[in-house]
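# Commentary on secondary and tertiary structure
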Amino acid sequence: MTIIELCDTFSNDDLCRELLERLRWPNAPECPRCKGPVARLINTPNILYCKDCDYQFTVTAGSIFHDSHLPLIKWFTAVYLLCESKKGMSAMQIKRTLGISYKTAWYLCHRIRAAMATAEKSMLYGTVEMDETYVGAKKQGHQHKPGHPMCKKQIVVALRQRGGEVRFFHAEDAKSGTLAQYIKDNVSEDVDVMVTDEYNSYPGAMKQTGLTERHKTIKHKAKVYVDGDIHTNTVESAFSLLKRGIVGTWHKISAKHLAAYLQEMEFRFNRRNSKTLFLDTLRHMITADPLTFEELTA
Ligand SMILES: [Zn+2]
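I will try to describe carefully the structure that is included in this document. (Residues numbered from 1 in each chain as written. Predicted model: local features only at pLDDT ≥ 70, side-chain atom pairs only at ≥ 80, totals over all residues. Heavy atoms only, no water.)

### Let's talk about a positive patch on the surface
Taken together, the side chains of K86, K87, R244 and R272 define a basic patch exposed on the protein surface. In this structure, K86 sits in the loop between α3 (72–84) and α4 (91–98). (Patch = residues over 30% accessible without salt bridge, like charges linked within 9 Å, V, L, I, M, F, W, Y side chains within 5 Å. Areas by Shrake-Rupley, 256 points an atom, 1.4 Å probe, with all protein chains shown as cover. Salt bridge = Lys/Arg side-chain N within 4 Å of Asp/Glu carboxyl O. Lys, Arg positive; Asp, Glu negative; His and termini not counted. Charge placed at Lys NZ, Arg CZ, Asp CG, Glu CD. Helix = DSSP H or I, 4+ residues; strand = E, 2+ residues; numbered from the N terminus.)

What follows is the structure in structure tokens.
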């Protein structure tokens, strides 16, 4: 779907609501309070009514769209842009493209990210590559005073199943125990092989997860990058897209919101060949819990 087709198909709020209703209630609309059947108001069919609860609502009630005064087509366009841009899109760019305030654009992007974070994740299996990298201010100490959250470089850890999905984490440190926890939470016990570089936390992490015998190390220090099946090239390619996103799109990411950006990159990367990425994202948005501005800025 092109952006022209998007704007043609969803040219008014009622058409947007029809799609959201189909995504939220694949069978028939139900009352969010009692789950019972509902009727439509005759003159305003987008308002639904539950007789049992005496409750009137629309499809966006209690969802991430709730309390937004933005026309739904602007939401849809923002979702489309975030899905279509491989490296993501900054709130500043969304602001300019949609003609909305920066604050609205910023909040909008964060709510879309929050919905993406609710996607279910399966355990990784087969050959899984693990790697760590550092993102953040290059000119340390020049742009920011000590104590500023951007002053320090941030650690990002990634796991990637070869030929499969990636998981990104904003890690507090890169110690064995931290890495082991990511493995336990995301990698199947039946994994065939874990491949890492020779960073000194990995042997400990593998020991703690019982994977020492299945752990293969690529000797980057000895300038060996591929040794048969032993390499970390597929996790590194995910990192390189992430870094281009951070440098090229977002410019500055505060440490506080890095995890949310990583969720967005992970969600999009794992669905990059999906024809239903836009609909999947909208489905998560209409079914996820709302995220308040207060929660974001707390
Ligand atoms: Zn009800």
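Read on, since the account is not over.
### Brief notes about the sheet that holds strand β4 (residues 127–135)
An order of β6-β5-β4-β7-β8 is seen for the five strands of this open sheet, with the pairing classed as mixed. This sheet does not close on itself; its edge strands, each paired only once, are β6 (166–171) and β8 (215–217). Each strand of the sheet is rotated relative to its neighbour by a mean of 25°, with strand direction disregarded. In the sheet, strand β7 (residues 193–196) pairs with β8 via three bridges, with the strands oriented parallel. (Pairing = 2+ DSSP bridges. Axes fitted to C-alpha atoms, helices over the stretch in contact; angles between N-to-C directions.)

### Quick notes on empty space enclosed by the protein
Applying the stated criterion across every chain yields a total of one cavity of 30 Å³ or more. As a volume, the largest cavity reaches approximately 30 Å³. Every residue along the wall of the largest cavity is listed here: K86, F168, A238, L241, M265, R268 and F269. For the lining of the largest cavity, the secondary-structure elements that each account for two or more residues are α8 (233–250) and α9 (255–270). Top element by residues in the lining of the largest cavity is α9. It accounts for three residues. Among the residues making up the lining of the largest cavity, the classes are represented as five nonpolar, no polar and two charged. (1 Å grid on protein atoms, 1.4 Å probe; cavity = no way out; pocket = protein on both sides within 12 Å on 5 of 7 lines; lining within 4 Å. Points joined across faces, edges and corners; volume = space filled by probe spheres on them. Nonpolar A, V, L, I, M, F, W, Y, C, P; charged D, E, K, R; others polar.)

### Focus: the coordination of the zinc ion
Protein coordination at the zinc ion comes from C31 (SG), C34 (SG), C50 (SG) and C53 (SG), with a distance range of 2.2 to 2.3 Å. Viewed at the metal, the four donor atoms of the zinc ion are separated by angles of 104 to 115°, and the geometry they form is tetrahedral. Linear spacing of the donor residues for the zinc ion on their chain is C-x2-C-x15-C-x2-C. Taken together, the positions of C31 in the loop between α2 (13–24) and β1 (39–40) and C50 in strand β2 (residues 48–50) put the pair 19 residues apart, joining distant regions of the chain. C50 carries the same exposure label as C31, and that label is buried. (Donors = N, O, S within 2.8 Å, 3.2 Å for Na, K, Ca; no water. Tetrahedral: all angles 85-135°; square planar, octahedral: opposite > 155°, others 65-115°. Buried < 20%, exposed > 50% of the residue type's maximum accessible area, 1.4 Å probe, protein only.)

### Considerations on unusual backbone geometry
Positive phi values are uncommon outside glycine, yet K35 reaches one of about 65°. Mapped onto the secondary structure, K35 falls in the loop between α2 and β1. One non-glycine residue with positive phi stands out, namely D54, at about 55°. Tracing the chain through its elements places D54 in the loop between β2 and β3 (55–57). Taking the relative accessible area as the measure of exposure, D54 reaches 57% and is therefore exposed.

### Looking at the nonpolar core
W75, F76, I94, L108, I112, L282 and M285 are the most contacted members of the largest nonpolar core, which totals 48 residues. If you list the elements that add at least two residues to this core, you get α2, β2, β3, α3, α4, α5 (102–116) and α10 (277–287). Ranked by the residues each element gives to this core, the list is headed by α3, at ten residues. Not counting chain neighbours up to four residues away, the residues in contact with M285 comprise S63, I64, F65, W75, V79, I112 and A115. (Core = buried A, V, L, I, M, F, W, Y, C linked by side-chain atoms within 4.5 Å. Contact = heavy atoms within 4.5 Å.)

### Overview of the packing of aromatic side chains
A full pass over the atoms with the stated rule returns nine aromatic pairs. Relative to F239, the ring of F168 has its centre 6.1 Å away and its plane inclined at 25°; by these criteria the two rings are stacked. Taken together, the positions of F168 in strand β6 and F239 in helix α8 put the pair 71 residues apart, joining distant regions of the chain. Among the residues examined, F239 registers a relative accessible area of 5% and is labelled buried. Over the face of the ring belonging to Y55 we find R33, whose NZ or CZ atom lies 3.6 Å from the ring centre. Across the ring face of F267, the terminal group of R271 is positioned such that the distance to the ring centre comes to 3.9 Å. (Phe/Tyr/Trp six-rings, centres within 6.5 Å; stacked < 30°, edge-to-face > 60°. Lys NZ or Arg CZ within 6 Å of the ring centre and 35° of its normal.)

### Digging into the sheet that holds β1
Backbone-to-backbone hydrogen bonds pair the strands of a sheet. The strands run either parallel or antiparallel. Spatial strand order, β1-β2-β3: three strands in an open sheet with antiparallel pairing. The sheet is open, and its two edges are formed by β1 and β3, each paired on a single side. The pairing of β2 with β3 spans three bridges and is antiparallel. Counterpart to C50 in the pairing with β3 is Y55.

Coordinates in, geometry out; function isn't part of it.
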